[in-house]
Amino acid sequence: MSALCPNRSNQETVQRDHYVTTIKGQKYELTWAINRFSAWSARAESRHFFVKFPNSPVANIRWILVFNPKSRTDERYCAVFLRLFSPEDLQRTVQITYDIALLDYKSNVFYRTGKTASPIPVTVRGGAGGNAIKRETLLEKLSPGDKLVIKCTIEAHPEIVTSAVKEFKTSLPEALPSSFSKDLELLIGDGKFGDLTMMVDGEAVQAHKCILTARSPVFAAMFEHAMQESVENCVVIEDVELTVFKALLRYIYTDKVTCLDTMAQELYAAADKYGISTLKSLCRNSILEKLCPENAADTLKLADLHSDLEMKRYTLAFVSGSVAIKVTKTAGWQDMAKTHPHLVGEAFEALAARIPFR
């Protein structure tokens, strides 16, 4: 007699569904600024003013924030009302969580109220109740800017929604971060694969023609023509110190620079010499960020030497400003007056252009 086996064709198929019920909400934010509040509120008297939001004709829910500088129940107080400007059937079911804050001209919050409320309209603040704020107190809080800012945040829950949950797919593995910069950094000074020797301060530094050509138009022109450097695969670097050149080479290979605090001016000159404009702009910004009366003259000379009109304009504007007297008393300015007298003239022209004629 054969053993009984379960009949798979008669097994019951189970279909599983997953639903989630939640409250579908919408969030609204409003900022209402009232300038010259004291004059405005005095002129407004007991009239009320309002704004509607969101400012969209297709919004299915709209709100009204009403501000009354003089409450009709007690003119010593201000009143703020929040109302729902929507169909009546929705007004009977809507529930909100709101937050209303009063701020001064420096964005400091000096009064805040909020709660969960239903139905609308809601009187947020008014009359002489416990949450009221006196006009006199409000004017004191707004001094001296005399500007009132009302910020209102509403989270509304107008409907309950039940929906089927879709089956989630297994997430893809996260891609590894790029190692391009680190990989190229390993090639700096690599004697095994380098095809070019750079002699700097008597030290040989290995490099790669293809990378230098792609990054520097000066090196590209050097290797394109049958020059001695191209034939012998050896370049002598002059007027650039070894530490500066290594920093330049690191930027060429990796697009990274970490020594702007110590050698921004030297690296700026090297970047200009080899036509690496992106590095030159980084150095320029670092130099100008540290601009002060003591180094203004040296910065002006550097800009003039490298025909950097952008740096020169910025420095001349600085020199002709409120620090002009301090700049002219520095040793750097005295030295510039002897070696670069034309820059002194340009500085005084910039100063004269800022002084209005009477």
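Residues numbered from 1 in each chain as written. Predicted model: local features only at pLDDT ≥ 70, side-chain atom pairs only at ≥ 80, totals over all residues. Heavy atoms only, no water.

J.: How do you make sense of helix α12 (residues 309–319) when you look at a structure like this?
T.: In an α-helix, one turn spans 3.6 residues, which is why side chains three or four residues apart end up on the same side. Those residues of α12 that sit buried are M311, K312, T315, L316 and V319. An end-on view of α12 places all buried positions within 125° of arc, on one side of the element. In α12, the exposed positions that point more than 90 degrees away from the buried face belong to L309, E310 and R313. Considering only its buried residues, α12 is in contact with α9 (260–273), α10 (277–289), α11 (296–305), α13 (324–328), α14 (331–339) and α15 (341–354). N-capping of α12 is provided by D308, with a side-chain oxygen placed 3.3 Å from the backbone N of E310. (Buried < 20%, exposed > 50% of the residue type's maximum accessible area, 1.4 Å probe, protein only. Helix = DSSP H or I, 4+ residues; strand = E, 2+ residues; numbered from the N terminus. Arc of directions from axis to C-beta. Contact = heavy atoms within 4.5 Å. Polar contact = N/O pair within 3.5 Å; in protein donor to acceptor, adjacent residues only side chain to side chain.)

J.: Looking at this model, I keep getting lost on the side chain of S181. Mind explaining?
T.: Following the sequence through the fold, S181 ends up in helix α4 (residues 180–185). A residue is classified by how much of its surface remains accessible, and S181, at 18% relative accessible area, is buried. Non-local contacts of S181, meaning those with residues more than four positions away in its chain, are made with T254 and K256.

J.: Would you mind going over the pattern of salt bridges with me for this structure?
T.: When their charged atoms lie close together, side chains carrying opposite charge are able to pair. Across all of its chains, the model carries 13 salt bridges by this definition. Its salt-bridge partner being K301, residue D298 comes within 3.6 Å of it at the nearest N-O pair. Here D298 and its partner K301 are both found in helix α11, three residues apart, which amounts to about one turn of the helix. Salt bridges here are not isolated pairs; linked through shared partners, they connect R284, D308 and E310. (Salt bridge = Lys/Arg side-chain N within 4 Å of Asp/Glu carboxyl O.)

J.: Any chance you could explain the packing of α14 against α15 here in plain terms?
T.: To characterise two packed helices, one gives the angle between the axes of the helices and the distance between these axes. Direction vectors running N to C along α14 and α15 enclose 115°, while the axes themselves pass 5 Å from each other. Considering their axes alone, α14 and α15 lie roughly perpendicular with respect to each other. Contacts from W333, M336, A337, K338 and T339 in α14 reach P341, L343, V344, A347 and F348 in α15. (Axes fitted to C-alpha atoms, helices over the stretch in contact; angles between N-to-C directions. Parallel < 35°, antiparallel > 145°, perpendicular 65-115°, else oblique.)

J.: What is the right way to read the nonpolar core from this model?
T.: Note on soluble globular proteins: their nonpolar side chains tend to be buried together. Counting 54 residues, the largest nonpolar core has M198, L212, L248 and L267 as the members making the most contacts within it. Excluding residues within four positions of it along the chain, M198 makes contact with E203, A204, V205, A207, L212, F219, V235, I237 and F245. Judged by nonpolar contacts, the second largest core, of 28 residues, contains F67, L84, L102 and F110. (Core = buried A, V, L, I, M, F, W, Y, C linked by side-chain atoms within 4.5 Å.)

J.: Explain the packing of α11 against α12 to me, please; I cannot follow it from the model alone.
T.: Running from N to C, α11 and α12 cross one another at 155°; their axes reach a closest spacing of 9 Å. By the angle between their axes, α11 is roughly antiparallel relative to α12. Read as a crossing pair, α11 and α12 show a hand that is left-handed. Between α11 and α12, the residues in contact are A296, T299, L300, L302, A303 and D304 and M311, K312, T315, L316, F318 and V319, respectively. Its residues placed into classes, the contact of α11 with α12 shows eight nonpolar, two polar and two charged. (Left-handed = near helix turned anticlockwise from the far one by under 90°. Nonpolar A, V, L, I, M, F, W, Y, C, P; charged D, E, K, R; others polar.)

J.: Looking at this structure, how should I read the packing of aromatic side chains?
T.: Centre-to-centre distance and the angle between the planes together describe a pair of aromatic rings. With the rule as written, the count across this model stands at eight aromatic pairs. Residues W40 and F49 carry aromatic rings whose centres are separated by 4.9 Å and whose planes lie at 55° to one another, so their mutual orientation is tilted. Judged by relative accessible area, W40 falls into the partly exposed class, the value being 22%. Each member of the aromatic cluster is reached from another via a ring pair, and the members are F37, W40, F49 and F67. (Phe/Tyr/Trp six-rings, centres within 6.5 Å; stacked < 30°, edge-to-face > 60°.)

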